[in-house]
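# Structural features, examined
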Amino acid sequence: MKKGMKKCKVLLCAAVAVFMLAACQKEELFDAKGYVQGVLDACYHGEYAAHAEDVGQTEDEIREGIESADYEEAENALKGTAMQVTEEHIAQYLELITGAYKKIEYTVGEAVEDENGNFTVEVSVVPLGMLDSLEEIFTNKLTEAVNNGTSEEEYMDIFLVSIKESIDAAETFDPVTVTFHVNYTEDADGNRVYDIEEDDMTSFDNIAIHQQ
């Protein structure tokens, strides 16, 4: 249950986490630390300004891209439960999960450049067990509902209440350091295109919501 309901930020941020440095610009213009900070702030805290500036898009464009991916992920997650789902349920779920992600605390360290022009950036994150109690809470509530003859149409409402209670009861854990690898490739025009390794985003997300 817990693993199936998590919202993985890897896919949600893939479309926005790309920085291009034009061939005519100096390599020193790329701020790897700021780039990682901007990606995380946009994807986890809903703060888009820095990343929008990094990638040459508007805040609205970044927001719309992430919110669209958020919605698709939420829809798939809820429909995957085999319970009856409405648009209102999806909106409530998004509000709960997005709000929980905003509580995740992290600190971005200094960037270290290697001899090939790639970077590593260490990020310290405080894991938040936002869904740690979900399975137990929902199982207890659902068992009671079944025993009371509650209609199946109400099961999703019970599920969302369970998510809220799990988030409200979430504990934090000792900080964990995740190393982000920021690598570049050159496109046909000689521009440097930087991005974060997907495995690093996966690792960070799993640790951030205490699913490592």
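The following paragraphs examine the structure supplied in this document. None of these values were measured; they are calculated from a predicted model.

Criteria and cut-off values
- Residues numbered from 1 in each chain as written.
- Predicted model: local features only at pLDDT ≥ 70, side-chain atom pairs only at ≥ 80, totals over all residues.
- Heavy atoms only, no water.
- Helix = DSSP H or I, 4+ residues; strand = E, 2+ residues; numbered from the N terminus.
- Axes fitted to C-alpha atoms, helices over the stretch in contact; angles between N-to-C directions.
- Parallel < 35°, antiparallel > 145°, perpendicular 65-115°, else oblique.
- Contact = heavy atoms within 4.5 Å.
- Nonpolar A, V, L, I, M, F, W, Y, C, P; charged D, E, K, R; others polar.
- Polar contact = N/O pair within 3.5 Å; in protein donor to acceptor, adjacent residues only side chain to side chain.
- Phe/Tyr/Trp six-rings, centres within 6.5 Å; stacked < 30°, edge-to-face > 60°.
- Buried < 20%, exposed > 50% of the residue type's maximum accessible area, 1.4 Å probe, protein only.
- Pairing = 2+ DSSP bridges.
- Expected span 1.5 Å × (residues − 1).
- Left-handed = near helix turned anticlockwise from the far one by under 90°.
- Core = buried A, V, L, I, M, F, W, Y, C linked by side-chain atoms within 4.5 Å.

## Describing unusual backbone geometry
The backbone of Ala82 shows a phi angle near 70°, a positive value even though the residue is not glycine. Residue placement: Ala82 occurs in the loop between α5 (59-79) and α6 (87-101).

## Observations concerning the packing of α6 against helix α8 (residues 155-168)
The geometry of α6 relative to α8 is characterised by a closest axis approach of 10 Å and an angle of 10° between their N-to-C directions. On the basis of their axis angle, the class for α6 and α8 is roughly parallel. Of α8, the residues touching α6 (which contributes His89, Gln92, Tyr93, Leu96, Ile97 and Ala100) are Met156, Asp157, Leu160, Ile163, Lys164 and Ile167. Residue composition of the contact of α6 with α8, grouped by class: eight nonpolar, two polar and two charged.

## Quick look at the side chain of Ser166
Within the fold, Ser166 resides in helix α8. Among the polar contacts listed, one links the side chain of Ser166 to the backbone oxygen of Met130, at a separation of 2.8 Å. Sequence-distant contacts of Ser166, that is, excluding residues within four places in its chain, are made with Gly129, Met130, Leu131, Asp132, Ser133, Leu134 and Ile137.

## A word on the packing of aromatic side chains
One pass over the structure, following the stated rule, counts 11 aromatic pairs. Measuring from ring centre to ring centre gives 6.3 Å for Phe119 and Tyr194, while their planes differ by 50°; the resulting arrangement is tilted. One end of the pair, Phe119, is in strand β3 (residues 119-126); the other, Tyr194, is in strand β5 (residues 192-196), and 75 residues separate them in sequence. Note on Tyr194: relative accessible area 0%, which makes it buried. Measuring from centroid to centroid gives 4.9 Å for Phe138 and Phe159, while their planes differ by 70°, and the two rings are edge-to-face. One end of the pair, Phe138, is in helix α7 (residues 134-147); the other, Phe159, is in helix α8, and 21 residues separate them in sequence. Note on Phe159: relative accessible area 0%, which makes it buried.

## Some words on the pairing of β5
In terms of burial, β5 is a largely internal element, four of the five residues being buried. With five bridges joining them, strand β4 (residues 176-186) and β5 adopt antiparallel strand pairing. Residue pairing in the sheet places Asn183 in a bridge with Asp195 of β5. Hairpin geometry of β4 and β5 is characterised by an intervening segment of five residues between the two adjacent antiparallel strands and by a positive phi of about 85° at Gly190.

## Examining α8
Structural remark: α-helix, 3.6 residues per turn; residues separated by three or four positions point the same way. The terminal C-alpha atoms of α8, which comprises 14 residues, lie 20 Å apart, in line with the 20 Å expected from a rise of 1.5 Å per residue. Within the sequence span of α8, burial applies to Tyr155, Met156, Ile158, Phe159, Leu160, Ser162, Ile163, Ser166 and Ile167.

## Digging into the packing of α5 against α6
It is the contact of α5 with α6, at a shortest axis distance of 9 Å, that shows an interaxial angle of 115°. Classified by the interaxial angle, the pair formed by α5 and α6 is roughly perpendicular. In this structure, the crossing between α5 and α6 has a hand that is right-handed. Residues Asp70, Tyr71, Ala74, Glu75, Ala77 and Leu78 of α5 lie in contact with α6, whose contacting residues are Glu87, His89, Ile90, Tyr93, Leu94 and Thr98.

## Some details on the nonpolar core
Across soluble globular proteins, nonpolar side chains show a tendency to be buried alongside one another. Ranked by internal contacts, the top residues of the largest apolar core, which has 55 residues, are Val36, Ile163, Phe180 and Phe204. Leave out the neighbours within four places in its chain, and Val36 touches Val108, Val121, Val123, Phe180, Val182 and Ile196.

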